Amino acid sequence: GYAGQAYGLLWKGDLGYTSEFIFAPGSAITTLKFEVGMTDAVADAGAVATKATPTGTADDFCVLVFDRDDNAELDLISELDNGGPVANAENVATVAASTYLRAQFRALGDSVGVSINGRQVGVGSLQGGDLVTPWVFAQARAGAASRTLDTRWFFCAGPWSATALP
């Protein structure tokens, strides 16, 4: 099964925003897939369908994706205006069971700067004119028992007043 959580489509990159997530996978990460980031859809079975050769279900998104079917690392994957998903940065952080990570997404226009634990790991993109929402998603892959993603908190604030990404 799978589950996703979003606030609602309330923010635009053209106005600028910053979102932050603190999360940790549960004690079992085998057969786990999870995503954190920003997306234009609130009811998809994940913004990214396949991490290894990115395919998507949302039209505009910028997310960090972990999929144990691929490896034990987070990748930054985004899609700009239904143009096809792009692996912007691969293997940006190792995921360990029950270990917290902090991710930040800072958008201005179509560009989204992404940091993990205070270190910038890449820049993704999504359509700055489209409404997006913070997104947390977890899925137990085929035949697996349930899997969890402990989310301490996540938020989004905007409009953001900076004129350039770091």
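Novice: A description of the overall build of the protein should follow, citing residues and the corresponding values.
Specialist: When you go through the protein residue by residue, the secondary structure sums to 0 helices and 14 strands. The C-alpha radius of gyration computed for the protein amounts to 14 Å, which stays within 12% of the reference 15 Å derived for 166 residues, consistent with globular compactness. Judged by the C-alpha coordinates and their principal axes, the protein covers about 45 × 30 × 25 Å. Residues counted as buried form 48% of the 166 residues belonging to the protein. The long-range fraction of contacts in the protein, counting pairs at least 24 apart against all pairs at least 6 apart in sequence, stands at 64%. With an accessible surface of roughly 6900 Å², the protein has 49% of that area assigned to carbon and sulfur atoms. Between the mean site of the 10 positive side-chain charges and the mean site of the 18 negative ones, the protein shows a separation of 10 Å.

Novice: Account for the pattern of salt bridges, naming residues and giving values.
Specialist: Any two side chains of opposite charge can pair, given that their charged atoms come close. Taken as a whole and judged by the stated rule, the model has 6 salt bridges. Its salt-bridge partner being Glu35, residue Lys33 comes within 2.9 Å of it at the nearest N-O pair. Here the two residues Lys33 and Glu35 agree in accessibility, since each one is buried. In this structure, Asp75 and Lys51 form a salt bridge, with 3.9 Å as the shortest nitrogen-oxygen distance. Pair noted here: Asp75 is in strand β8 (residues 73-79) and Lys51 is in the loop between β5 (48-50) and β6 (55-56), with a separation of 24 residues, a long-range link. Take Lys51: its relative accessible area is 2%, and that puts it in the buried class.

Novice: Can you explain the nonpolar core? Please cite residues and give values.
Specialist: One finds Tyr17, Phe34, Leu64, Leu74 and Phe105 to be the most contacted residues of the largest nonpolar core, which totals 33 residues. When near neighbours in sequence (up to four residues on either side) are disregarded, Phe34 contacts Phe23, Pro25, Leu64, Val65, Phe66, Leu74, Val95, Phe137, Ala138 and Leu149.

Scoring rules and cut-offs
Residues numbered from 1 in each chain as written. Predicted model: local features only at pLDDT ≥ 70, side-chain atom pairs only at ≥ 80, totals over all residues. Heavy atoms only, no water. Helix = DSSP H or I, 4+ residues; strand = E, 2+ residues; numbered from the N terminus. Rg over C-alpha atoms; globule rule 2.2 N^0.38 Å. Buried < 20%, exposed > 50% of the residue type's maximum accessible area, 1.4 Å probe, protein only. Contact = heavy atoms within 4.5 Å. Areas by Shrake-Rupley, 256 points an atom, 1.4 Å probe, with all protein chains shown as cover. Lys, Arg positive; Asp, Glu negative; His and termini not counted. Charge placed at Lys NZ, Arg CZ, Asp CG, Glu CD. Salt bridge = Lys/Arg side-chain N within 4 Å of Asp/Glu carboxyl O. Core = buried A, V, L, I, M, F, W, Y, C linked by side-chain atoms within 4.5 Å.

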